[in-house]
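Residue-level structural notes
What follows is each chain in one-letter form.
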Amino acid sequence: MSVAEPKPQDQFVVTTAGRRAGRSRFSLSAVVAVGAVLLLGVSLAACTGVPAEPAATTAVPTTSATPDSSATPAPDPALVPTGTAGENLVYFNFLAAAVSKANPAADGRAYIDALVAGGFDRSAMEVSFDRTQADLVADSVQFSVRFAGECLIGQIGPASDGFHSVVAPILSTGLCLVGSSRQIDW
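All of the points below concern the structure found in this document. All of these numbers come straight from a predicted model, not from anything done at the bench.

Attention shifts here to the state of the cysteines. Tallying each qualifying case throughout the model produces one disulfide. Through a disulfide, Cys 151 is tied to Cys 176; the S-S separation comes to 2.0 Å. When the S-S torsion is -85°, as for the bridge of Cys 151 with Cys 176, the disulfide is left-handed. In this pair, Cys 151 is assigned in strand S3 (residues 150–156) and Cys 176 in the segment after strand S4 (164–169), connecting sequence segments 25 residues apart.

Structure representation (structure tokens):
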């Protein structure tokens, strides 16, 4: 009764074949799982996509492409002398934008002149210097108007990334700008 003992080579083959079969099942399971996830993702994306056909409409436009001559454009903002600083901020911005549009490199005087021409009180204004003590162009210029117990403050220049404005309280000094400002004597 002699039973053949398995050879070490046969064990290796059997073991390797078992491992291969296990890997094949694992690989097949992984492929199926990935495929299911992709299919689910595609189906969800299809649910959120734009419809293939636009909805049918029965209305036919009857207006012409030319603008209506009876429509009037919105009026430009105007100074509200009895209003608050906040109510006049839009007008303040409108005047500053006109200066910037006319001359992107305008100095502080140009903004002050535009505000005066727009009806703001010159004696209630402040403006920072256009040049530094080293005689370089200032990174930004600030200008302000004390109005109805508050300050309308604007800032323009390369360091400020365009024009910015704000309504702020008057400082304890009675002024709007911090630090020394340029005398408005023109």
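Now that the structure has been shown, the text picks up again.
At a minimum axis separation of 9 Å, helix H2 (residues 85–102) and helix H3 (residues 108–117) run at an interaxial angle of 135°. In terms of orientation, H2 lies oblique with respect to H3. The handedness of the crossing between H2 and H3 comes out as right-handed. Taking contact as the criterion, the partners of Phe 92, Leu 95, Ala 96, Val 99 and Ser 100 in H2 are, on H3, Ala 110, Tyr 111, Ala 114 and Leu 115. By residue class, the composition of the contact of H2 with H3 is eight nonpolar, one polar and no charged.

Taken as a whole and judged by the stated rule, the model has four salt bridges. For Arg 109, the salt bridge identified is with Asp 113, shortest N-O distance 3.5 Å. Of the two residues, Arg 109 and Asp 113 both sit in helix H3, four residues apart, roughly one turn of that helix. A relative accessible area of 36% places Arg 109 in the partly exposed class. For Glu 126, the salt bridge identified is with Arg 146, shortest N-O distance 3.4 Å. Note that Glu 126 is positioned in strand S1 (residues 125–127) and Arg 146 in strand S2 (residues 141–147), a separation of 20 residues in sequence. Since its relative accessible area comes to 25%, Arg 146 is described here as partly exposed.

Right, let's talk about the nonpolar core for a bit. Judged by nonpolar contacts, the single largest core of 23 residues is most densely connected at Phe 92, Leu 115, Phe 120, Phe 143 and Val 145. Sort the elements by how many residues they give to this core and H2 lands first, with seven residues. Those residues within four positions of Val 145 in sequence are excluded, and the remaining contacts are Phe 92, Leu 115, Phe 120, Ala 124, Met 125, Glu 150, Cys 151, Leu 152 and Cys 176. Counting residues in hydrophobic clusters, the runner-up holds five residues, among them Cys 151, Ile 153, Ala 168 and Leu 177.

Sheet architecture is open: four strands sit in the order S1-S2-S3-S4, paired in antiparallel fashion. Each edge of the open sheet carries a strand with a single partner, namely S1 and S4. For this sheet, the mean inter-axis angle between neighbouring strands, taken without regard to orientation, is 20°. The pairing of S1 with S2 spans three bridges and is antiparallel. Bridge pairing links Met 125 to Val 145 in S2. Here H2 sits on the sheet in contact with S2, S3 and S4, set at roughly 25° to S3. H3 rests against S1, S2 and S3 of the sheet, and its axis sits at about 165° to S1.

What counts, and where the lines are drawn
Residues numbered from 1 in each chain as written. Predicted model: local features only at pLDDT ≥ 70, side-chain atom pairs only at ≥ 80, totals over all residues. Heavy atoms only, no water. Disulfide = S-S within 2.5 Å. Helix = DSSP H or I, 4+ residues; strand = E, 2+ residues; numbered from the N terminus. Axes fitted to C-alpha atoms, helices over the stretch in contact; angles between N-to-C directions. Parallel < 35°, antiparallel > 145°, perpendicular 65-115°, else oblique. Left-handed = near helix turned anticlockwise from the far one by under 90°. Contact = heavy atoms within 4.5 Å. Nonpolar A, V, L, I, M, F, W, Y, C, P; charged D, E, K, R; others polar. Salt bridge = Lys/Arg side-chain N within 4 Å of Asp/Glu carboxyl O. Buried < 20%, exposed > 50% of the residue type's maximum accessible area, 1.4 Å probe, protein only. Core = buried A, V, L, I, M, F, W, Y, C linked by side-chain atoms within 4.5 Å. Pairing = 2+ DSSP bridges.

In short, shape yes, function no, at least from these values alone.
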